[in-house]
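Coordinate inspection notes
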Amino acid sequence: MRVFVTGATGFIGSAVIPELIGAGHQVVGLARTDKAAAALSAAGAEVHHGGLDDLESLRSGAATADGVIHLAYKHDFSDYAGAVATDLRAVETIGAALEGSGKPFVITSGTMILSMLLPPGQTGTEETVARAELPRGGSECLAMALAERGVRTSVVRLSPSVHGEGDKGFVHALIAIARDKGVSAYIGDGTNRWPAVHRLDATRLFRLALEHAPAGSRLHGAGEEGIPFRDIAGVIGRHLNLPVVSIPREEADAHFGFLGAFAGRDNPTSSALTQERLNWRPEHHGLIADLEEGHYFNN
């Protein structure tokens, strides 16, 4: 299968490429810069020049592919509404190019959307339906609509922590905040839970979704259903030799910055249906074990 991948040089995308090639697929990666193009070539992928704002490049990349994995996202929390809008336009453009083809189109969302849809404490499942007005909810809803228009769409909701060596995401940010503030903090009693998935388990999930997911599937990239945030803060504090402290919810934004909106969320997430439907089994170690290895604290 000739697979067009956006975000192909990112933390997950750079692992998706060898996963796909190893399974016999040809990979075409979207590249915005010469550096990205060189990385794609070195990984054995074909280069397709363009970016998320270049809708013609997205259309042409999708039109010549047998399937698409859409991983790219503008992680700009200073203009989150703009990032959401850009993602929706990208999904619209790729979806229009694939309409009526029956080809697979895998898009990326996040499990945090579940915390905006469900009562506190309730575990989210793949059957929980997004609302278009929520962040990334519009892209999810559009993907479901495209399934009725001849596109084999699936949505992979990723945990807030996709962990592993080289991770520069939320956990990396929490470590940087702890270093800056001199404490590793959690909110309230810290019992709110974050799901997590190892990067390589997430990578395999994207390949399986491309190959096998039925049209209109919602899939959960959650190797662990929910780790108490206090436990994450505790490991960070111990490795940095910093106090581990509770802060009131009203101080969360001042302490965590852009992560203030997420640090106190309770986001227990089941992947039981995903595992059943795709025979996906998370095999790599969990977030706490990954933190204990120490590589997160080397720089």
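Above this note sits the structure.
Everything in this summary refers to the structure shown in the same document. (Residues numbered from 1 in each chain as written. Predicted model: local features only at pLDDT ≥ 70, side-chain atom pairs only at ≥ 80, totals over all residues. Heavy atoms only, no water.)

Observations regarding the overall build of the protein
- Assigned secondary structure in the protein consists of 12 helices and 12 strands.
- Taking 19 Å as the expected radius of gyration for a compact globule of 299 residues, we find that the protein reaches 19 Å, a close match to that expectation.
- Expressed along its principal axes, the backbone C-alpha trace of the protein runs to roughly 55 × 40 × 35 Å.
- When burial is assessed residue by residue, the protein has 53% of its 299 residues classed as buried.
- Here the contacts in the protein between residues at least 6 apart in sequence split such that 78% fall between residues at least 24 apart. (Helix = DSSP H or I, 4+ residues; strand = E, 2+ residues; numbered from the N terminus. Rg over C-alpha atoms; globule rule 2.2 N^0.38 Å. Buried < 20%, exposed > 50% of the residue type's maximum accessible area, 1.4 Å probe, protein only. Contact = heavy atoms within 4.5 Å.)

With respect to the packing of helix α6 (residues 170-181) against helix α8 (residues 229-240)
- The geometry of α6 relative to α8 is characterised by a closest axis approach of 10 Å and an angle of 55° between their N-to-C directions. Judged by the inter-axis angle, α6 sits oblique to α8. Judged by the sense of rotation from one axis to the other, the crossing of α6 with α8 is right-handed. The residues of α8 that touch α6, namely those facing Leu-174, Ile-175, Ala-178 and Arg-179, are Phe-229, Ile-232, Ile-236 and Leu-240.
- The class makeup of the residues in the contact of α6 with α8 is 7 nonpolar, no polar and 1 charged. (Axes fitted to C-alpha atoms, helices over the stretch in contact; angles between N-to-C directions. Parallel < 35°, antiparallel > 145°, perpendicular 65-115°, else oblique. Left-handed = near helix turned anticlockwise from the far one by under 90°. Nonpolar A, V, L, I, M, F, W, Y, C, P; charged D, E, K, R; others polar.)

A look at the sheet that holds strand β4 (residues 67-70)
- Spatial ordering of the open sheet is given by β3-β2-β1-β4-β5-β6-β10, a layout of 7 strands whose pairing is parallel. Two strands lie at the open edges of the sheet, namely β3 (46-49) and β10 (217-221), each paired on one side alone. In this sheet, neighbouring strand axes are inclined to one another by 25° on average, regardless of whether the strands run parallel or antiparallel.
- Across 4 bridges, the pairing between strand β1 (residues 2-6) and β4 is parallel. The residue of β4 that forms the bridge with Val-5 is Ile-69.
- Sitting on the sheet, helix α1 (residues 13-22) touches β1, β2 (26-31) and β4, and the angle it makes with β2 is about 160°. (Pairing = 2+ DSSP bridges.)

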